[in-house]
Structure formats: C-alpha cells, structure tokens
Amino acid sequence: MLLTDTELLERLIAFDTTSSNSNAEMAEFIAGYLDRPGVSIERIFDESNTKLNLLLHFGPPSRERSGLVLSGHMDVVPARESGWQSDPFVMADLDDRYAGRGTADMKGFLALAMNAAARLDPKTLRAPLVLLLTYDEEVGCLGAKRFIDQWSDPARLPVSTVIGEPTSLRVVRMHKGHLKLRVATAGVAAHSGYPHLGVNAIEKAAGAVETLAAIRRELESERSEHSRYFPQVPFVSLNVGTIRGGAAINVVPDRCEIEVGIRLLPGMSSEEIVERIRGRLPDAEVDVISDSPPLLLDDGAAIHRTVSSLVNQTETATVSFAADAGWFQTLGLECILFGPGSIEVAHRPNEFIPKDEFQRGAVLLDQIISDYCR
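Residues numbered from 1 in each chain as written. Predicted model: local features only at pLDDT ≥ 70, side-chain atom pairs only at ≥ 80, totals over all residues. Heavy atoms only, no water.

Trainee: In this structure, what is going on with the overall build of the chain? I would like to understand it.
Mentor: Of regular secondary structure, the chain possesses nine helices and 18 strands. The globule rule puts the C-alpha radius of gyration for 374 residues at 21 Å, and the 23 Å found for the chain is close to it. Overall, the C-alpha framework of the chain stretches about 80 × 45 × 40 Å when taken along its three principal axes. Counting across all 374 residues of the chain, residues that qualify as buried make up 54%. (Helix = DSSP H or I, 4+ residues; strand = E, 2+ residues; numbered from the N terminus. Rg over C-alpha atoms; globule rule 2.2 N^0.38 Å. Buried < 20%, exposed > 50% of the residue type's maximum accessible area, 1.4 Å probe, protein only.)

Trainee: Explanation requested: helix α1 (residues 5-13) in the structure shown.
Mentor: For an α-helix, the turn length of 3.6 residues means that residues three or four places apart are oriented alike. For α1, every residue scored as buried is listed here: D5, L8, L9, L12 and I13. Buried positions in α1, seen along its axis, are confined to an arc of 135 degrees and lie on one side of it. The secondary structure elements touched by the buried residues of α1 are α2 (24-34), β5 (97-99), α3 (103-118), β18 (352-354) and α9 (355-373). (Arc of directions from axis to C-beta. Contact = heavy atoms within 4.5 Å.)

Trainee: What should I look at first to understand the environment of L297 in this one?
Mentor: Tracing the backbone through its elements, the reader meets L297 in the loop between β15 (295-296) and α7 (302-310). For the pair formed by L297 and L333, sequence separation is 36 residues and the distance between their alpha carbons is 9.6 Å. Residues within four places of L297 in sequence aside, it is in contact with R173, I303, H304, E334, C335 and I336.

Trainee: Explain the packing of aromatic side chains to me, please; I cannot follow it from the model alone.
Mentor: A ring pair, where both rings are aromatic, is described by two values, the distance of the centres and the angle of the planes. What the rule picks out here adds up to five aromatic pairs. Plain terms: the ring middles of F15 and F29 are 5.6 Å apart, the flat faces sit at 40 degrees to each other, and that makes the pair tilted. Here F29 lies in helix α2 and F15 lies in the loop between α1 and α2, a separation of 14 residues in the sequence. The class of F29 is buried, set by a relative accessible area of 15%. Feature note: the residues F15, F29 and Y33 constitute an aromatic cluster, connected by ring pairs. (Phe/Tyr/Trp six-rings, centres within 6.5 Å; stacked < 30°, edge-to-face > 60°.)

Trainee: What is the right way to look at the pattern of salt bridges in this model?
Mentor: Any two side chains of opposite charge can pair if their charged atoms end up close together. Summed over all chains, the structure comprises 23 salt bridges. R101 serves as the salt-bridge partner of E81, at 2.5 Å between the closest nitrogen and oxygen. Of this pair, E81 sits in the loop between β3 (68-73) and β4 (92-94) while R101 is found in the loop between β5 and α3, placing the two residues 20 residues apart along the sequence. Across the pair R244 and E259 runs a salt bridge, and its minimum N-O distance is 3.3 Å. Note that R244 is positioned in strand β11 (residues 237-245) and E259 in strand β13 (residues 255-263), a separation of 15 residues in sequence. (Salt bridge = Lys/Arg side-chain N within 4 Å of Asp/Glu carboxyl O.)

Trainee: Whenever I open this one, the nonpolar core confuses me. Can you help?
Mentor: Soluble globular proteins: nonpolar side chains tend toward being buried together. Within the largest apolar cluster, 56 residues are counted, with the highest numbers of intra-cluster contacts made by I30, L68, L70 and F338. For this core, the elements supplying multiple residues, two or more each, are α1, α2, β2 (52-58), β3, α3, β6 (129-134), α7 and α9. When residues in this core are grouped by element, the largest group, 10 residues, is from α3. (Core = buried A, V, L, I, M, F, W, Y, C linked by side-chain atoms within 4.5 Å.)

Structure representation (structure tokens):
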C-alpha cells in the first residue's frame, strides 16, 4: 500500500537510526516498501554485517550512464540535547512544520524519493532511476566510502546525481570536506611521586596543540581558487576538538590523544594537509580517522543546469559541511546537493521541515525524474 508523503515520513522518523545503532530495520522497511517487478535491490553490508547501503534500480539498464541517481543517508545524529518539546522519534505535526529527528537531515528527502519511485511504472522509463541510500554519513561518510570500495561497475550507475541534503531547495555544487585526524603523543608511565622515572605525554600534547594552533592560523591566511565561493569561511579551517590522556591523577601519563577536524576547500587533497601536519609534529603519531572529500562540480554540468533552471537559481551555492557527494564523485558521478529543510535546524532540538517546502520538494523531484528518466 502506498502511503502519503507525510505518512511515510512519519514511519521513517520512528526508526531510531542514530549512527551508533544498526540501520538494518529501516533499510529492510525501505526495501519491502519499494520491492516490485522491474525493481532490483542490492544490499552492501559493512564489515560487521549490522549496517548496510541500499541500491534500488528502477527501469532499464543505463545506456552511456543515462538516467538519474537519488541519494540520501539513513542515519541521524543523536537526539540527546535538552530542549526537545516532544519525543524526537515520534513525528510532531506543528501547524506549518513537521518536527522530529531527521525531518530535515534527511528523512524528508528520503520519503519524497521513495514515493516518487513507488509511483513509477518501471516499464515506462526510457532511462533508469536509481536510489542509493547509505549508512553512517554523519560519522564520516563511512557508507559512501564502503560503497565505492565495494562497487566494481560504475558504468551501471547514471552520472546525474541528486543528494538530498537539506539545502532549502537551493542547488549546491560545491561543499567542503571533513578530514578527521588523531594526533597521539607517547610518554612513559610512572608514579607521580617519582616523576623523574616517567615522561608526561600530556605535556608533550600541550606542545602539539600549540603547533596545531599555529597551523590553524597559517591556514586562515591562505586562499585557494575556490575561496571566493565561501565568503564566511574562505579558508581551510582546523579545529582541535577533543583531547584525552592519563589514567589517574597520581600516574605520569604515558599516552595522550588529540582529535582534529579539518575542513578542506574544493579541489584540495587531504594527503597534502596530512603530510604538512606530520612534518610539523615529527614526534607524534598522526593517523586519519576518516576522510570525507570536498565536492567540486562544474557549473555547466547537466544536472546543475537542469535543477538550477527549475528553481530559477543563477548563482553558485555552496555549503561548508561534508556529504557523500565527495566520495561519489570519484566514481564519475556528477553530484548536486538539493533537498527540503535547512541545515540550520539539523542537529538541533526540535529539528523540523517546513510543510510547504516538503510539498514543493515533491513536485520538483517528480519533475527532475521526468526530465531524466521518462
């Protein structure tokens, strides 16, 4: 039975797909909802077999990579913030908006994409529609990375791709990356009454933090060819986010770990910044926790032109958060971010999606599918 867009959104919100949980129950609901003749469904599991990506193919094979990919992530951030006025996993209907964890980021788009696909007769499509749904985007685009590592046949995927991040229905062709590093300093444990027998790893980490702060200041003074598209933060930002060390107050600590987040501009390589930091911290271990590359799409790409024309957008729009698009572009996909809802209310208590934007998103998505697949 086909649910309304609102009913489907309500069902999706009810799945607690916080990144620390399995997304399998929601993934199987989606697969069951869309399973019918003319639809192929592939599951790509993580190494633990508890989380999975879904690839759903509607219609004929892609010829010369024609057709359309609609993509979104199934996970959400935790909902433990104070200030929630209702159960985060029970959708609330509040006059002009729907509220609940994931309404904007990004189960609203998922509901629209699912129903747009469910209303199609695959036999009538001239080119395929593909839904590519991922896990663990919120903790480093891990599902997208798993997909590109496991997927051996990019030619089966259409090139034109819409990733439904909450952009308030603006077309985004560039986003920053998010490189996460762990910087560890090593010491020698000892009783704090005999400090001469040990080496304090936290003190060494303090020097590393000072060096990282110096690198941050250097990066803030540097510009790239794409800096002008990010006027609020036109540089690579570096944030020392966490620091952990020591076992007890009377023990000289033998290890301290610093976690660092770096937001690269489009066109930049993570390897270069990693080597830059390693070169400045020769006595520390510097390891990559996760790497979500930046997105850079030419403004002349067909999907960018098509959707920009639909919404009468003439200027380039960018965002400073990372998304699955950074990895998908390595498969030759031409990705835009485009979806209802605002990133400004995502990851916050009482996250919501405006009803009028949700409804307009449904109309626009049907038009994009018609342009590329019918």
